[in-house]
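Read off the chains here:
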Amino acid sequence: MKLSFEKSRPGRAFPVVPKPDVPERDIPASLKRTAPPRLPEMSPPDISRHYAQLARRTYGLSDGFYPLGSCTMKYNPKINDEMAALPGFTGVHPLQGEDTAQGCLELIARAESLLCEVTGMDAMTFQPAAGAHGEFTGVLLIKAYHDSRGDSSRNKIIVPDSAHGTNPATAAMTGCRVVNVPSDKDGGVSLEALRSAAGPDTAGLMLTNPNTLGLFDRNILEITKIIHEAGGLCYYDGANLNAIMGVARPGDMGFDVIHLNLHKTFSTPHGGGGPGAGAVGCRKLLEGYLPSPRVVRSGGRYAFDAPEHSVGQVSAFYGNFLVVVRALTYILTLGSDGLKDAAQNAVLNANYMMKRLSGMYDVAYPGTCMHEFVLSLENLKRETGISALDAAKALLDRGVHPPTMYFPLIVKEALMIEPTETESRETLDEAAEAFREIYELAWSDPESLHGAPRAASVGRPDEVTAARHPKLRYDFPQ
Ligand SMILES: *Cc1c(COP(=O)(O)O)cnc(C)c1O
């Protein structure tokens, strides 16, 4: 397929930016560009065809089953977008006076209080734009807390080896040292290792729960107790709260700070890296460090306020407001019973799928899983030569998006499957059938799988070269 730059012809462009209806300002010559940008010039029908062609070459939730573990690729109700498109929300300006935006401020305050109720936290910010960004913010709160007590030698963050990869990365970005603790044989945090890792230099623990094996840690109360007794604080990675929302609350388990991925659990779009929200909730003791500004209510009206010891701003204004509109729509549409149903169905679907596959594939940690589970194709690969990559690519030919591959790192030849609560039993059965077919071919005709996918527009790209030497710019002919 040709790039838009290759399809471009001089003079085909048409004006898309309307003439300004405000007075034009003089921009200093030194700031003005000297040549116009080299944008592709295409006619409206050609642009429309170009993007339709691109859309046909990709695979999204509206094409089929998308069990990408840990990413919660679930249906995003359209009503969320309808609400976010209301002119009262889209037309508001971030610098507008508080008195003219009371409804928007109230919306933020309501979303905050409902999500605090769901998580057992006391306060929340919507400023971080993604889960990892929320983690970074949360660790900053923990550091600010210790620093304010003159306890600045606490610079270590304990991260179990079953954590999401962003946990050690964000802890390191705040300047903390990361201490890894291994899992026990059941896939939970090894308490013995945790006890010896926790000490006077512990700033806190970051726990992904359910962890990346899809397991709820049975020792959760003991884990938070060990950290608190060592003087540290406990961070809950709640990106995948759809496993427990409405059923159990991180605040009740002893956690001090949490992030939620609104773009997973609360059905806002993942948006191709576009606007997201990693809401960060905390207990009272950390509230004074939250990013500024926060919405507060006083004297019957809402206003922006800067927390006394705020860690500062982590993004512009108060985050991606329209994402919060979508999340609140979802929460109010479902209600408290609905949120609980969603969690229970997410867990039911994952366990159903796990049982359907477990006669053929090895489940890394058998037992009851939460919202996802992990298969290991290590034995299958040894005996048939079919790897997790081969199986994942073969799924593409059968209309199923591959699961997350080779993660978590503690499982060899891993396939991490998260069906989500919005899939029907028929869809799960069809996908299980595709997995079965692949398993049988692994024994009868492995060669046919090494060549997969055959039906996709791209076969097996060289991922290492693509990552190490990305070609992100168009080389204009001289
Ligand atoms: C997705 C995810 C994250 C990171 O969220 P982003 O929005 O991608 O930055 C963190 N932790 C867990 C457990 C996740 O599943």
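These numbers come from a predicted model, not from an experiment. One numbering rule holds for all chains: residues counted from 1, following each sequence as written. With pLDDT at 70 or above as the cut-off, local features in this predicted model cover only qualifying residues; side-chain atom pairs require 80 or more to be listed or tallied, and sums for whole chains, interfaces and linings still use all residues. For side-chain calculations, the full set of non-hydrogen atoms in the structure is used, while hydrogens and water are omitted.

Observations regarding the overall build of the protein
Looking only at helices and strands, the protein features 16 helices and 13 strands. All radius of gyration figures rest on C-alpha atoms, and the globule criterion is 2.2 Å times the number of residues raised to 0.38. Computed over C-alpha atoms, the radius of gyration of the protein comes to 25 Å, within 12% of the 23 Å expected from 2.2 N^0.38 for 478 residues, which places it in the range of a compact globule. For each residue, the accessible area found with a 1.4 Å probe, counting protein chains only, is set against the maximum for its type, and the residue is called buried under 20%, exposed over 50%, and partly exposed in between. Here the protein holds 478 residues, and the buried ones make up 47% of them. In the protein, of all internal contacts separated by at least 6 residues, the share reaching a separation of at least 24 is 70%. Note on areas: Shrake-Rupley with a 1.4 Å probe; residue coverage comes only from the protein chains shown. Roughly 23700 Å² of accessible area belongs to the protein as shown, and the carbon and sulfur atoms make up 54% of that amount. The sign given to each residue is positive for Lys and Arg and negative for Asp and Glu; His and the chain ends receive no count. Each charge is placed at NZ for Lys, CZ for Arg, CG for Asp and CD for Glu. Across the protein, the mean location of the 47 positive side-chain charges is 5 Å away from that of the 55 negative side-chain charges. Segments assigned H or I by DSSP are reported as helices when at least four residues long, segments assigned E as strands when at least two residues long, and all are numbered from the N terminus. The criterion used for residue contact is that any of the two residues' heavy atoms lie within 4.5 Å.

Re the site of the ligand
Definition of nearness: a residue and a molecule or strand are near each other if at least one heavy atom of the residue lies within 4 Å of the molecule or strand. Lining the immediate environment of the ligand, one finds 14 residues, of which Gly 131, Ala 132, Asp 237, His 263 and Lys 264 sit closest. Side-chain polar atom of His 164 to a nitrogen atom of the ligand: 3.4 Å apart, as the coordinates give it. Whenever two N or O atoms come within 3.5 Å, that pair is a polar contact, provided that in protein one can donate a hydrogen and the other can accept it, and provided that, for residues adjacent in sequence, both atoms are side-chain atoms. The side chain of Asp 237 places a nitrogen or oxygen atom 2.6 Å from a nitrogen atom of the ligand. Within the complex, 85% of the 380 Å² of free accessible area of the ligand lies under protein. The element that contributes the greatest number of residues to the shell around the ligand is helix H6 (residues 131-148), accounting for three residues. Of the residues belonging to the shell around the ligand, the class tally is three nonpolar, eight polar and three charged. Each residue gets one of three labels, nonpolar for Ala, Val, Leu, Ile, Met, Phe, Trp, Tyr, Cys and Pro, charged for Asp, Glu, Lys and Arg, and polar for the others, Gly among them.

Let's talk about the pattern of salt bridges
Whenever Lys or Arg places a side-chain nitrogen within 4 Å of a carboxyl oxygen from Asp or Glu, that contact is recorded as a salt bridge. Per the counting criterion, the structure on display carries 21 salt bridges. A salt bridge links Glu 437 to Arg 398, with the shortest nitrogen-to-oxygen separation between them at 2.9 Å. In this pair, Glu 437 sits in helix H14 (residues 425-444) while Arg 398 sits in the loop between helix H13 (388-397) and strand S12 (404-405), placing the two residues 39 residues apart along the sequence. Using a relative accessible area of 35% as the deciding quantity, one classes Glu 437 as partly exposed. By relative accessible area, which is 26% here, Arg 398 ends up partly exposed. The network of salt bridges with common partners includes Glu 112, Lys 284, Glu 287 and Arg 294.

Some thoughts on the packing of aromatic side chains
Stacked, tilted and edge-to-face pairs are distinguished by plane angle, under 30 degrees for stacked and over 60 for edge-to-face with tilted covering the rest, among Phe, Tyr and Trp rings (Trp via its six-membered ring) whose centres lie within 6.5 Å. Tallied over the full model, the rule gives 13 aromatic pairs. Residues Phe 304 and Tyr 318 carry aromatic rings whose centres are separated by 5.2 Å and whose planes lie at 15° to one another, so their mutual orientation is stacked. With a gap of 14 residues between them, Phe 304 in strand S9 (residues 301-305) and Tyr 318 in the loop between S9 and helix H11 (321-358) connect regions that are remote in the sequence. For Tyr 318, a relative accessible area of 17% puts it in the buried group. Between Phe 317 and Tyr 318, the aromatic rings sit 6.5 Å apart at their centres with planes inclined by 55°, giving tilted as the arrangement. Among the residues examined, Phe 317 registers a relative accessible area of 35% and is labelled partly exposed. Taken together, the aromatic side chains of Phe 89, Phe 304, Phe 317, Tyr 318 and Phe 321 make up a single cluster linked through ring pairs. Positioned above the aromatic ring of Phe 476, the side-chain terminus of Arg 38 is 4.0 Å from the ring centre. Working rule: Lys NZ or Arg CZ, within 6 Å of ring centre, within 35 degrees of ring normal, means a charge sits over the ring.

Re H13
Taking burial as the measure, the ten residues of H13 include seven buried ones, the bulk of the element. Listing the buried residues of H13 in full gives Ala 388, Asp 390, Ala 391, Ala 392, Lys 393, Ala 394 and Leu 395. Among the structural elements, S12, strand S13 (414-417), H14, helix H15 (446-450) and helix H16 (463-468) are those in contact with the buried residues of H13. Gly 399 sits one or two residues past H13 and shows a positive phi near 75°.

Re the nonpolar core
What we call a nonpolar core is a set of buried Ala, Val, Leu, Ile, Met, Phe, Trp, Tyr and Cys residues that are connected through their side-chain atoms within 4.5 Å. Formed by 61 residues in total, the largest nonpolar core has its most connected members in Phe 126, Leu 241, Met 245, Leu 262 and Phe 266. Broken down by secondary-structure element, the contributors of at least two residues to this core are helix H5 (102-119), strand S3 (177-181), helix H8 (191-197), strand S4 (202-208), helix H9 (220-229), strand S5 (233-238), strand S6 (257-261) and H11. Setting aside chain neighbours within four positions, we find Leu 241 in contact with Val 118, Thr 119, Tyr 236, Pro 250, Ile 258, Leu 260, Thr 265 and Phe 266. Of all hydrophobic cores here, the second largest spans 32 residues; its members include Met 353, Leu 375, Ile 386 and Ala 394.

So, the packing of H6 against helix H7 (residues 166-173)
Angular values range over 0 to 180 degrees, each being the angle between N-to-C directions of two axes fitted as lines to C-alpha atoms, with helices fitted over their stretch in contact. With their axes 9 Å apart at the nearest point, H6 and H7 run at an angle of 45° to one another. In this view, H6 runs oblique relative to H7, as classed from their interaxial angle. In the crossing of H6 with H7, the sense of the turn from one axis to the other is right-handed. Together, Ala 132, Glu 135 and Phe 136 of H6 and Thr 166, Asn 167, Thr 170 and Met 173 of H7 make up the contact between the two elements. Each residue belonging to the contact of H6 with H7 can be placed in one class, and the counts come to three nonpolar, three polar and one charged. An angle below 35 degrees is treated as roughly parallel, one above 145 as roughly antiparallel, one from 65 to 115 as roughly perpendicular, and anything else as oblique. By the definition used in this description, the sense in which the near helix is turned from the far one sets the handedness, with an anticlockwise turn below a right angle giving left-handed and a clockwise turn giving right-handed.

Looking at the side chain of Glu 413
Residue position: Glu 413 is located in the loop between S12 and S13. A polar contact of 2.8 Å, which involves the side chain of Glu 413, links it to the backbone nitrogen of Ala 388. Those residues in contact with Glu 413 that sit more than four places away from it in its chain are Leu 375, Ser 376, Leu 377, Glu 378, Lys 381, Ser 387, Ala 388 and Tyr 406.

Some remarks on unusual backbone geometry
Cis geometry is adopted by the peptide bond preceding Pro 210, which originates at Asn 209 and carries an omega value of -10°. Here Pro 210 shows up in the loop between S4 and H9. A cis amide bond links Ala 452 with the next residue in sequence, Pro 453, at an omega value of 0°. Mapped onto the elements of the fold, Pro 453 is located in the loop between H15 and H16.

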